[in-house]
Amino acid sequence: MAHLNMKNVSTVLLSILAIVLSLFIKETSAQKLPDTQTAGLRAPANIKIDGKLGEWENKFGAYNKTIPLFYTIANDDNNLYIVLHSKNSLITSKILTGGVRLTFNSLKRDKGMVAITFPIVGRNDVANLYKQMPAGSVDANVNNGGQQTRDTQIARVNSKGIESYKLIRIDGVKAIDTLISIYNEEEVRVGLKIDDTHALNYELAIPLKYLSLNEDQRKLFYNIKVLAKVLPPGFEVPIIKTQNGGPPLGAGGVDLRSLSADTDFSSEYIFAKKP
């Protein structure tokens with residue numbers, strides 16, 4: 001029998017321990033965050049809407065278990081910012097193939113509501129996105145090709161898939177057309193990217209002047225909705241059966257049936273004053 005190399009065994013054990021601790025820290029971090037964010041937060045001075053979250057220092061205002069999703073809302077004197085961060089492959093897939101609708105209201109009623117939808121996803125967009133990944137998947141961890149292969153797939157999704165989303169839909173703002181380019185003069189900015197950890201980052205900035213706020217208003221009601229997945233041409237919604245009498249669960253405990261339906265949550269945001 002070959003003798004065990006204790007150095008190799010120690011290395012493997014340390015690697016396993018590091019992975020376990022990493023998962024524990026991520027889960028603990030999510031547990032410590034509130035389900036929704038209400039407290040105001042001043043946006044970083046060096047903010048850039050590009051789908052990269054370096055200026056946010058990987059810190060989030062809440063972790064909502066309904067979707068599940070990390071997110072942050074912040075403001076400065078001119079803009080409102082929304083940051084979404086998905087570490088769940090099913091939610092990432094749903095966002096990329098369904099889109100996100102953000103709704104804001106200065107009053108808790110439908111009148112005066114402003115809604116922003118991005119990305120705007122059509123069936124051909126999904127077909128294009130599926131072509132970038134093997135077996136029609138947008139999960140960056142689907143094959144055993146190693147880190148280099150996964151990184152190549154992520155780069156392909158970012159460059160040939162996500163970058164094909166060129167339009168933003170805005171409802172409720174008379175001064176803006178319903179459909180505008182992501183390269184717009186209205187200063188509505190969006191950023192969407194899969195990062196090096198295979199998580200999805202979503203950023204949006206909208207000027208406060210479009211939200212019909214009173215000069216002394218301190219509170220805003222908001223709704224974050226991840227829209228149902230759009231299927232490519234020729235595909236039909238699969239029939240998903242329950243598992244042992246319970247809901248069919250996928251990665252991270254996500255109910256697989258929710259992928260074919262809109263999922264959302266609402267709360268209020270209290271604006272952060274200038275320090």
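Let me sum up the structure you'll find in this document. (Residues numbered from 1 in each chain as written. Predicted model: local features only at pLDDT ≥ 70, side-chain atom pairs only at ≥ 80, totals over all residues. Heavy atoms only, no water.)

**Some details on the sheet that holds strand S2 (residues 69–75)**
- In spatial order, the strands read S1-S2-S3-S9-S8; together these five strands make up an open sheet with antiparallel pairing. Two strands lie at the open edges of the sheet, namely strand S1 (62–64) and strand S8 (189–194), each paired on one side alone. Shown here is a sheet whose adjacent strand axes are inclined to one another by a mean of 15°, direction ignored.
- Of the strand pairs in this sheet, S1 and S2 are connected by three bridges, and their pairing is antiparallel. Residue pairing in the sheet places tyrosine 63 in a bridge with phenylalanine 70 of S2.
- Along the sheet, helix H2 (residues 89–98) contacts S2, strand S3 (79–86), S8 and strand S9 (200–207); its crossing angle with S9, the most-contacted strand, is approximately 45°. (Pairing = 2+ DSSP bridges. Helix = DSSP H or I, 4+ residues; strand = E, 2+ residues; numbered from the N terminus. Axes fitted to C-alpha atoms, helices over the stretch in contact; angles between N-to-C directions. Contact = heavy atoms within 4.5 Å.)

**Focus: the environment of lysine 94**
- Tracing the chain through its elements places lysine 94 in helix H2.
- For the pair formed by lysine 94 and alanine 228, sequence separation is 134 residues and the distance between their alpha carbons is 6.8 Å.
- Not counting the four nearest positions on each side in its chain, lysine 94 is found in contact with Gly99, Val226, Leu227, Ala228, Lys229, Ser258, Leu259, Ala261, Asp262 and Thr263.

**As for H2**
- Of all ten residues in H2, nine are buried; the element is thus mostly enclosed.
- Within H2 the residues assigned to the buried category are Leu90, Ile91, Thr92, Ser93, Lys94, Ile95, Leu96, Thr97 and Gly98.
- Two or three places before leucine 90, at the opening of H2, asparagine 88 has a side-chain oxygen 2.8 Å from that residue's backbone nitrogen.
- Looking at the residues trailing H2, positive phi occurs at glycine 99, about 105°. (Buried < 20%, exposed > 50% of the residue type's maximum accessible area, 1.4 Å probe, protein only. Polar contact = N/O pair within 3.5 Å; in protein donor to acceptor, adjacent residues only side chain to side chain.)

**A few points about the side chain of asparagine 201**
- Tracing the backbone through its elements, the reader meets asparagine 201 in strand S9.
- Side-chain polar atoms of asparagine 201 contact the side chain of histidine 85, separated by 2.6 Å.
- Sequence-distant contacts of asparagine 201, defined by excluding residues within four places in its chain, comprise Gly51, Leu53, Leu84, His85, Gly191, Leu192, Lys193 and Asp195.

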